[in-house]
Structure formats: C-alpha cells, structure tokens
Amino acid sequence: MTEPLLHTKGLVKRFGGVVATNHVDLQVERGHLHALIGPNGAGKSTLIGQLSGEMAPDAGRIHFDGHDVTGLHVHRRARLGLARSFQITSIFKTFSVLANVTLAVQAHQGHSFRFWRPALGDTALTGPALSALERVGLADRARDPASALSHGERRQLELAMALAGDPVMLLLDEPMAGMGPDDGLRMVELLASLKGERTILLVEHDMDAVFQLADRISVLVYGAVIASGTPDAIRADEQVRQAYLGEDR
Amino acid sequence: MAPELRPRLILALLLVVALALPPLLGALGQGFYVGFAARVLIMALAALSLDLVMGLGGMVSFGHAAFLGVGAYVVGIGSWHVFDGSPLPFGLPGSENALIVWPLAMVFSGLTALGIGAISLRTSGVHFIMITLAFAQMLFYLAGGLKTYGGDDGITLYNRSELLGLKLSDPQTFYYLCLGILVVALAALLRLRASRFGMVLRGVRDNERRMRALGFPTYRYKLAAFVLSGMVCGLAGALLANASEFASPALMSWQKSGELLVMVVLGGMGSLVGPVLGAVALMALEEGLADLTQHWQVILGPLLLVLALSARRGLWGLLRGRRDHD
Ligand SMILES: Nc1ncnc2c1ncn2[C@@H]1O[C@H](COP(=O)(O)OP(=O)(O)OP(=O)(O)O)[C@@H](O)[C@H]1O
Ligand SMILES: [Mg+2]
C-alpha cells in the first residue's frame, strides 16, 4: 500500500473546555474524494483550519505529500499544493471576478515583487484564471465586479480560486452551503468532474451528494472520528446510524 | 478594459493648470503664492505616499509625519554642517548637493519606515494606528532633544540644496521641480497599483486571511510597501525643508500626520490621484479661510465633515464619475 497523500496523527485542538478535535487520525488517499461529515459543531471546520495551517493544533502531527507540515505557515502549505475554500464565502469584493482568480494564479507564480507590468494585461496570469472560471461555469461573468455575483455564483468563484493554483489537494468546506437546488446540482456535477483529477477533502451536510460522490467517508462527532470507510460501510455502521445519520439529516 | 477617457482628460487639464499657474499668478501680481503652491505640491507628494499604504494596502498610518521630518532633518543637518564646517560622524563633511542629500533623505526615512513597519505591521487595525502614532511621537521628542541642531526650534537652512546648477532659490524653478517630481511619482505609483505588487496590496486590504490561504506571505509585501511609502514621504520632507528653508520637530507632530490622513480621505482613498487633490483642497481652504477670519478652523471643520459625508469616494470620486473595477 502506498503512503496516503494526507494523514494526521493524534491531532488535538481545544477551545477552553471544548475539545474541537479529539485525537484525530485521518488518512486521505491520493486521488480520492474523501468526505468529512458530522453534526453542526462537530469540529469539521476546525479540522480543515488545522490542515490548511490557519490554526495550530495543540498536539499531533500533519503530513502532506511526504512533508511534515505541522509547523508550516498557511502560505507555505498553499504553495505545496494544499488549497482551501471557505465555509463563509471569502472573496475580494472590490475586484472583478477575473481579478479574484488572477490573484489566486499569481500566488503560485513566484514572488510578486513586480512593480511595473499590469497584472491583468498578463496572459500568463489571466489565461489560467479564465480556464478556472470556465471550469466552474463563470467565464461569462469574468469582467463583472465580484460584489455583483449571486450567492451561488460566489460559491463557484470561491472554488475557481481554489482551483486556479493547480493544487494537489482541495480542502472544500461546505461548497454548497446556502445554495438553491439548481446551483447545488451544478456544484455536485462540478465536484464529480473534479473527482479523480484532484484529491479532495469535502465537508458537506447534503447526504445525497456525499454518498453519491465520496470514495471514502469519515464521520466526526464531538471532535472524534467515530467511523471511516467506504460509503456502503458507513451506511451500514450501527454506531454512525445512532450517533448521526438516524438523528436528523 | 478600454481606458476611460474622462479621468484622463481631467488629469491632462489639471496638469495644464499646474503648468500655467506661476506665470498666471505673476500676471495677477500674486507671485508670492508660487512658494505656497510649491508647498502644496510637496504635501501632495506626502499624501500620495500615505495613500500607497493606506488606500492600497489598508494600513492606516497615523505616523507618516515622522518620515516627512526625517527627510527634512537629513537636508537640514547636511546644510548645518556645511555652514558650521564641523564634520558629521565618520568624519564625513556636510553637503548641500541635492544628488547626495535627497537620496540620503530617502534612505534614512526608508530605514526608519523599515524599523517602524517591522514592529507595527505585526498588529493591525486600531493597534496599528496607535503604534505608528507612538513611533512618530518618539521621533518628535527625539528631534526636539537634538540640542546641536536647535532642539525644539529646529534648524534654519542657510542655503537651499544645489541641483545641477538649477537656481532652487528661484520660486518658479523650485515650483516646476516639485511639479516634475510629483508627476513622476504619481505616474509610477499608478503603474504600481495595477502591477502584481499592487494587486497583492489591494488583496491584503480587502481580505488578508484569504491572501494567506492563497499562498501569499502578506507581511513582507506590506513591509515593502511601508518602506517604499516612507521613502517617498522622506523625499517630500527633503523638499519641504528646502521650501521653508527650515527643519523642525513640528514637522513630525501628530497634527501633521493627521493633516496627511485628512488629505487622503478628502481626496479619495486608494485612488492615488485623489490625495493630490485632497492636499490642494485642504491647503487652499486653510489659506483662503485664514484670510477671511481668524476663527477659520470653526468653518473648516464642518466643511470637511460635509465633504466627507457627501462624497464617500472623495473629490476624485466626484470628478471622475463611475467607479472602475479591475
Ligand atoms: N475560534 C473558536 N473559539 C472558540 N471555540 C470555537 C472556535 N472555533 C470553533 N469553536 C468551537 O469548536 C467546535 C467545533 O466548531 P467547528 O466550526 O469546527 O464545527 P463544524 O463541524 O464546522 O460545524 P458546522 O457544521 O456548523 O460548520 C464548536 O463547539 C465551536 O463552538
Ligand atoms: Mg463548519
């Protein structure tokens, strides 16, 4: 068996008395779409935050693509090919849609101490940016201000920005959050098309989407992984049914 | 992305007015104002430098007068040693050569900005404002303590700098030199605004967390912008010392820093052109109102309030019309 692309060992994160991440050992195989599910407040976003480097774990290690990245800054991890999207849309509102994605491309083209050439006139930047926009279906909005996008379109832009740097792995925190059924369906199609092409860790509440898309599913409850396996195995898991699936969603 | 016509026309018109101003004032028998106009251009350069960090990078510096002061003191100290004949540290002689002293002013203010920025940029928001203010106040008192160089009274320049045989003591020559420097600085920074570096700065202003997640080490870009801004402001300080033939701690006072902030906001933050207009408007208003009444500040305050409320994108926003997106 080959080494997983991403794996954590004994990851712990506490907020005061709350244990938001409780000794998490997670393994994501290269090329897999790995879903992370769990009730509200289970610690999914907190886990993503530690993987991306925005939060430091209190204990444990994180390995990515052969590196121990536990102490690495956010921007260094991003350069290694670990891209994330945010649960709450996080874009540059005073920029055009194209400029948002251009900036994401620029992050991966060496340093930005370049003071003279206009960035938006540089096809080395706008070329990849436009193809990322095409990929998510936003190419026709490229020249519009990002603030003019609908909620669903902003979610698409968020994903385009994550894709633009040609990442090895995507950490997607509820890419369909707050989307209507039509937009949601398109996002599922998009994720399906990305499957196999990139390794993806997907946090999502929509169980239909999760069971349709995932190669592996891990279930997080009160910060701890209570089960991890194929969709069929998770569906059959008695503990999961009791703790989570049976309850509400 | 067709370049917009209207802002370009307005800029061209403003340049023509600026070029025609000295002979115009001369014809009206108001030649005295040429010196004042040069000071306006210099403060416009300082406000422009502040907009680089504040408007583009979202770093609200309340201590930019410090760089103005450092630049002015470098010129003042250079000139003092020429007059006095005593050497500077390391046995260096004083100098009034602009090609030596002005770049030195930029180097020293840049180094000051590096020191202040390296510490204050570890914070943001209100803390950043307070720390930049605190540093500027420290330099203010430090300058006042330089007994050799006049303490609180500062240094009077016996000569203006010498620049390639130009007669800088001639108000017109000096005015056109300041205009040239301002135009070059504005053009260069407008260019920078659209560059990769400029995009990073504006991205940091909008959403620094996202910038880091995209892979940008934001601190070093902010620091670079802060140093560059300090250098431009230091050049303005060097020019200001020449304009008033004087360098004193008052240049570093928090009121001066506040004045620069008002110029930027009044003119239109982040537009680079706006702060230049803001400097012109603020100084012209002060001058005009001071002629009318000694209680001019009572009028100026409300007037600024009305302007700030009615034009949220500043004077340049009013003039140029529709806002552009990149
Ligand atoms: N910065 C913080 N400070 C204190 N407590 C926090 C912080 N961030 C998260 N928590 C707590 O940690 C726990 C896990 O939160 P987290 O946002 O990771 O959950 P989640 O699984 O992403 O939930 P949701 O499905 O609602 O997005 C919650 O109890 C939350 O209140
Ligand atoms: Mg969450």
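What you see is a predicted model; the values in this text were computed from it and never measured.

A. Representation of the overall build of chain B in the model. Counting its secondary structure elements, chain B contains 12 helices and 2 strands. Of the regular secondary structure in chain B, the N- to C-terminal order runs α-α-α-α-α-β-α-α-α-β-α-α-α-α. A compact globule built from 326 residues would reach a C-alpha radius of gyration of about 20 Å, and chain B, at 20 Å, matches this within 12%. Across the 326 residues in chain B, those meeting the buried criterion constitute 52%. If you sum the accessible surface of chain B, you get close to 14,500 Å²; carbon and sulfur atoms cover 68% of it. Across chain B, the 23 positively charged side chains and the 17 negatively charged ones have centroids separated by 16 Å.

B. Representation of the overall build of chain A within the structure. On a plain count of helices and strands, chain A comes out with 9 helices and 11 strands. Rg of the C-alpha trace for chain A: 18 Å, near the compact-globule value of 18 Å for 249 residues, within the 12% margin. Here the C-alpha coordinates of chain A stretch approximately 60 × 40 × 40 Å along the principal axes. Relative to its 249 residues, chain A shows a buried fraction of 55%. Residue pairs in contact within chain A that sit at least 24 positions apart in sequence constitute 66% of those at least 6 positions apart. Carbon and sulfur atoms form 50% of the exposed surface of chain A, whose accessible area is close to 10,500 Å². Chain A carries 25 positive and 29 negative side-chain charges, and their two centres are separated by 7 Å.

C. Looking closely at the site of ligand 1. Residue and element names in this part refer to chain A. Around ligand 1 sit 13 residues, and of these Gly-41, Lys-44, Ser-45, Thr-46 and Gln-87 come closest. Gln-87 places a side-chain nitrogen or oxygen 2.9 Å from an oxygen atom of ligand 1. The side chain of His-205 places a nitrogen or oxygen atom 3.0 Å from an oxygen atom of ligand 1. Considering ligand 1 on its own, with 640 Å² of exposed area, one finds that the protein chains cover 61% of that surface. Mapped onto the shell around ligand 1, the elements with two or more residues apiece are β2 (18-24) and α1 (44-52). Considered class by class, the residues forming the shell around ligand 1 number 4 nonpolar, 7 polar and 2 charged.

D. Representation of the pattern of salt bridges. Residues and elements named next belong to chain A. Here the structure, examined in full by the defined rule, presents 20 salt bridges over all chains. Here Glu-54 and Arg-84 are joined by a salt bridge, their closest N and O atoms 2.5 Å apart. Taken together, the positions of Glu-54 in the loop between α1 and β5 (59-64) and Arg-84 in strand β7 (residues 82-85) put the pair 30 residues apart, joining distant regions of the chain. On the accessibility criterion, Arg-84 (6% relative accessible area) is buried.

E. The arrangement of the interface of chain A and chain B in detail. Each side of the interface is counted separately: chain A has 38 residues, and chain B has 29 residues. For the pair chain A and chain B, the two sides together bury roughly 3,300 Å², of which 61% comes from carbon and sulfur. Remark: the boundary between chain A and chain B carries 3 salt bridges. Measuring nitrogen to oxygen at the nearest pair gives 2.9 Å for the salt bridge that ties B:Arg196 to A:Asp122. Taken together, the links from chain A to chain B amount to 20 residue pairs in polar contact (both at pLDDT 80 or more). Among the elements of the structure, α2 (74-79), α3 (97-106), α4 (123-136) and α5 (151-164) of chain A are those that each provide at least two residues to the side of chain A that touches chain B.

F. Inspection of the environment of B:Leu45 at higher detail. Residue and element names in this part refer to chain B. Summarising the element assignment, Leu-45 is placed in helix α2 (residues 33-56). Its relative accessible area of 2% is what places Leu-45 among the buried residues. Along the primary structure Leu-45 and Leu-235 are separated by 190 residues, whereas in three dimensions their C-alpha atoms are 8.5 Å apart. Other than its neighbours up to four places away in sequence, Leu-45 contacts Ile-181, Leu-182, Ala-185, Val-232, Leu-235, Ala-236 and Leu-239.

G. Spotlight on helix α4 (residues 98-120) of chain B. Residues and elements named next belong to chain B. The first and last C-alpha atoms of α4 sit 31 Å apart over 23 residues, in line with the 33 Å expected at 1.5 Å per residue. Buried within α4 are the following residues: Ala-98, Val-101, Trp-102, Ala-105, Ser-109, Gly-110, Thr-112, Ala-113, Ile-116, Gly-117 and Ser-120. Residues of α4 that are buried in the fold lie against α3 (65-84), α5 (125-144), α6 (171-194) and α8 (218-244). The residue sitting at the N-terminus of α4 and contributing the capping side-chain oxygen is Asn-97; that oxygen lies 2.9 Å from the backbone nitrogen of Leu-99.

H. Fine view of the packing of α3(A) against α5(A). Residue and element names in this part refer to chain A. α5 packs onto α3 with a crossing angle of 30 degrees between their chain directions and a minimal axis gap of 7 Å. In this view, α3 runs roughly parallel relative to α5, as classed from their interaxial angle. Crossing of α3 over α5 shows right-handed handedness. Taking contact as the criterion, the partners of Val-97, Asn-100, Val-101, Ala-104 and Val-105 in α3 are, on α5, Leu-157, Ala-160, Met-161 and Ala-164. Broken down by class, the residue content of the contact of α3 with α5 amounts to 8 nonpolar, 1 polar and no charged.

I. Representation of the sheet that holds strand β4 (residues 33-37) of chain A within the structure. Residue and element names in this part refer to chain A. Spatial ordering of the open sheet is given by β7-β8-β9-β4-β10-β11, a layout of 6 strands whose pairing is mixed. Every interior strand has two partners, whereas the edge strands, β7 and β11 (224-229), have only one. Going from strand to strand, the sheet's axes swing by 15 degrees on average, the running direction of each strand aside. Alignment of β7 against strand β8 (residues 169-173), held across 4 bridges, turns out to be parallel. Along β8, the bridge assignment pairs Ser-85 with Leu-172. In this fold α5 packs onto β7 and β8, with an angle of close to 155 degrees to the strand it touches most, β8.

J. Up close: the coordination of the magnesium ion (ligand 2). All names here are of chain A. Protein-derived ligands of the magnesium ion (ligand 2) are Ser-45 (OG) and Gln-87 (OE1), with the metal-ligand distances lying across 1.9 to 2.2 Å. You can see Ser-45 sitting in helix α1 and its partner Gln-87 sitting in the loop between β7 and α3, a full 42 residues away along the chain. For Ser-45, a relative accessible area of 29% puts it in the partly exposed group. Judged by relative accessible area, Gln-87 falls into the partly exposed class, the value being 32%.

K. Focus on the confidence of the model for chain A. Confidence along chain A averages 90 in pLDDT terms, with 97% of residues attaining 70 or more. For chain A, helix α9 (residues 238-245) of chain A is the element with the lowest average pLDDT, namely 76, and α3(A) is the one with the highest, namely 96.

L. The confidence of the model for chain B, seen in detail. All names here are of chain B. The pLDDT averaged across chain B works out to 89; a share of 98% of its residues lies at or above 70. Helix α11 (residues 296-310) is the least confidently modelled element of chain B, averaging 77 in pLDDT, while α8 averages 96, the highest of any element. Reported confidences for the modelled complex are a pTM of 0.89 and an ipTM of 0.86.

Each value, and the rule that gives it
- Residues numbered from 1 in each chain as written.
- Chains lettered and ligands numbered in written order.
- Predicted model: local features only at pLDDT ≥ 70, side-chain atom pairs only at ≥ 80, totals over all residues.
- Heavy atoms only, no water.
- Helix = DSSP H or I, 4+ residues; strand = E, 2+ residues; numbered from the N terminus.
- Rg over C-alpha atoms; globule rule 2.2 N^0.38 Å.
- Buried < 20%, exposed > 50% of the residue type's maximum accessible area, 1.4 Å probe, protein only.
- Areas by Shrake-Rupley, 256 points an atom, 1.4 Å probe, with all protein chains shown as cover.
- Lys, Arg positive; Asp, Glu negative; His and termini not counted.
- Charge placed at Lys NZ, Arg CZ, Asp CG, Glu CD.
- Contact = heavy atoms within 4.5 Å.
- Near = heavy atom within 4 Å.
- Polar contact = N/O pair within 3.5 Å; in protein donor to acceptor, adjacent residues only side chain to side chain.
- Nonpolar A, V, L, I, M, F, W, Y, C, P; charged D, E, K, R; others polar.
- Salt bridge = Lys/Arg side-chain N within 4 Å of Asp/Glu carboxyl O.
- Buried area = accessible area lost by both parts, 1.4 Å probe.
- Expected span 1.5 Å × (residues − 1).
- Axes fitted to C-alpha atoms, helices over the stretch in contact; angles between N-to-C directions.
- Parallel < 35°, antiparallel > 145°, perpendicular 65-115°, else oblique.
- Left-handed = near helix turned anticlockwise from the far one by under 90°.
- Pairing = 2+ DSSP bridges.
- Donors = N, O, S within 2.8 Å, 3.2 Å for Na, K, Ca; no water.
- pLDDT = per-residue confidence, 0-100.

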